[in-house]
Amino acid sequence: MNTGERRAGELSARDGVDRLRKRGIIGAAVVVAGIAIIILLGRNLGRWLVVNEPLEKADAILVLSGGLPERSLEAARIYKQGFAPQVWLTHSTEPGATLEKYAVGYTGEEVYDKRLLMHEGVPESAIRVLEPPVVNTADEVHVAGGELRGKPLRKIIIVTSKVHTRRASTIWRRVAGSDGTAIVRAAPDDQFDAGRWWQSTTGALDVVREVLGLLNAWAGFPLQPAM
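Now for a look at the structure at hand. Per chain, residues are indexed from 1 in the order of the written sequence. Only residues with pLDDT of at least 70 get local features here, since the model is predicted, and only at 80 or more are side-chain atom pairs given and counted; chain-wide, interface and lining totals rely on the full set of residues. Only hydrogens and water are set aside; all other atoms, that is, all heavy atoms of the structure, feed into the side-chain values.

1. Section: the packing of aromatic side chains
The relation between two aromatic rings is expressed through the spacing of the ring centres and the mutual angle of the planes.
Point 1. Ring pairs shown here join Phe, Tyr and Trp side chains whose ring centres sit within 6.5 Å, with only the six-membered ring taken for Trp; geometry is labelled stacked below 30 degrees between planes, edge-to-face above 60, and tilted in between. As enumerated under the stated definition, the model contains two aromatic pairs in all.
Point 2. Here the aromatic rings of W197 and W198 are separated by 6.0 Å at their centres, their planes lie at 90 degrees, and the arrangement is edge-to-face.

In C-alpha cells, the structure reads:
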C-alpha cells in the first residue's frame, strides 16, 4: 500500500468514526428531548398522539403495515362509505427473505390484509399491493406518494393505529407533502387507551416509541426510522 492509499484509508476510517459519533450525539439528543416531552405532557401525551381527521373524497386508502386486523377493517369501512375507489397495501421482503434461507415458508401480511378486505366487501379489483418493498413508515409514505402523483384529487386517506397517527401525519408531510394531501384516520378498534396509556407496559412502550419517532422525523430523519 502506497502513502496515498494509506492516507485515504485513514481519512475514510476517521470519517466513519465521526459519523458514528454524530449519530450517537443525535441519538442522545433525541432521547433527552423525548423524555422532556413525556414529562411536559404527562397523562395528556396519549391523547396528543392521536390524530383523527375528517374524511373527504380521496384517490385511495392506504393501510399502513401492522395492526392486523384493525387497520384493514377500518379501511374496508371507509371504502364502503364511498370515500375512495381503491385500497392500497404495502409489503416487505422481511421476514420472508430470512426465513427462506431456512426453508421456512412465509406469507406476507399484505396477503392477509387483502383477504380480510375482500371478506369485508372490498372487491379484489379495488385492492393494490404497491411496489417496491418497504422497511418502515417513511418507505410506505414515499411509495404511496409516488403513486399519488398525477391522480385527479392528489389526496389519500391513511389508516393506522391510534398511537401512530400523529407520527404518520408528520412523516407524510416530511416525505410526501409535495405529492398530495393525506387524511389520517385512526383504527377505532385497536386497544390503545389514550387516557390511561401509562397503566400498561404495551401502552407505555408504544408512546415512548412514537415520541422518539416524531422527534426523529422533525429532525429530518438523522436516525433510521422504524415502523
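Further notes follow.
2. Let's talk about the nonpolar core
Point 1. Membership of the largest hydrophobic core comes to 20 residues, with the highest contact counts inside it found for L62, W88, L130, A144, I156, I158 and W172.
Point 2. Strands here mean DSSP runs of E at least two residues long; helices mean DSSP runs of H or I at least four residues long; both are numbered from the N terminus. Put simply, the parts of the chain that give this core at least two residues each are β1 (60-63), α6 (137-148), β4 (155-160), α7 (165-176) and β5 (181-186).
Point 3. The greatest single-element share of this core, amounting to five residues, is contributed by α6.
Point 4. Aside from chain neighbours lying at most four places away, what touches W88 is A60, I61, L62, V63, R128, L130, A144, E147, L148, K151 and I156.
Point 5. Residues enter a nonpolar core if they are buried and are Ala, Val, Leu, Ile, Met, Phe, Trp, Tyr or Cys, with the set joined through side-chain atoms within 4.5 Å. The cut-offs for exposure are 20% and 50% of the maximum accessible area for each residue type, with area from a 1.4 Å probe on protein chains only; residues under the lower value are buried, those over the upper are exposed, and the others partly exposed. Counting residues in hydrophobic clusters, the runner-up holds 17 residues, among them I61, I78, L89 and I157. By definition in these notes, contact holds between two residues if any of their heavy atoms fall within 4.5 Å.

3. Brief notes about the pattern of salt bridges
Point 1. Counted as salt bridges are all cases of a side-chain nitrogen of Lys or Arg within 4 Å of a carboxyl oxygen of Asp or Glu. Taken as a whole and judged by the stated rule, the model has ten salt bridges.
Point 2. One salt bridge connects E210 with R209, and the closest N-O pair in it is separated by 3.6 Å.
Point 3. Each of R167, D206, R209 and E210 takes part in salt bridges that share partners, so that together they form one network.

4. Topic: the packing of α6 against α7
Point 1. Remark: α6 packs on α7, axes separated minimally by 9 Å, with the N-to-C direction vectors making an angle of 55 degrees. If you check the angle between α6 and α7, you find them oblique. For the pair α6 and α7, the sense of crossing is right-handed. Contacts from T137, A138, V141, H142, A144, G145 and L148 in α6 reach I171, W172, V175 and A176 in α7.
Point 2. Classifying every residue of the contact of α6 with α7 gives eight nonpolar, three polar and no charged. Lines fitted to the C-alpha atoms define the axes, with helices restricted to the stretch that makes contact. Angles between their N-to-C directions range from 0 to 180 degrees. Angles below 35 degrees are treated as roughly parallel, those above 145 as roughly antiparallel, those between 65 and 115 as roughly perpendicular, and all remaining angles as oblique. For any helix crossing, the convention is left-handed if the near helix is rotated counterclockwise from the far helix by under a right angle, and right-handed if that rotation is clockwise. Each residue gets one label: Ala, Val, Leu, Ile, Met, Phe, Trp, Tyr, Cys and Pro are nonpolar, Asp, Glu, Lys and Arg are charged, and the others, such as Gly, are polar.

5. Points about the packing of α7 against helix α8 (residues 201-218)
Point 1. Orientation of α7 relative to α8, taken along the N-to-C sense of each, is 15 degrees, at an axis distance of 9 Å. In terms of their interaxial angle, α7 and α8 are classed as roughly parallel. For the pair α7 and α8, the sense of crossing is left-handed. Contact residues: α7 offers R166, R167, T170, I171 and R174, while α8 offers R209, E210, G213, L214, A217 and W218.

6. Some words on helix α3 (residues 70-80)
Since the α-helix packs 3.6 residues into each turn, any two residues three or four apart lie on the same face.
Point 1. Counting buried positions along α3 yields eight of eleven residues, so the element is predominantly enclosed.
Point 2. Turning to α3, its buried residues are E70, R71, S72, E74, A75, A76, I78 and Y79.
Point 3. Packed against the buried residues of α3 are β1, β2 (87-89), α5 (109-119), β4 and β5.
Point 4. Positive backbone phi, approximately 85 degrees, marks G82, located one or two places after α3.

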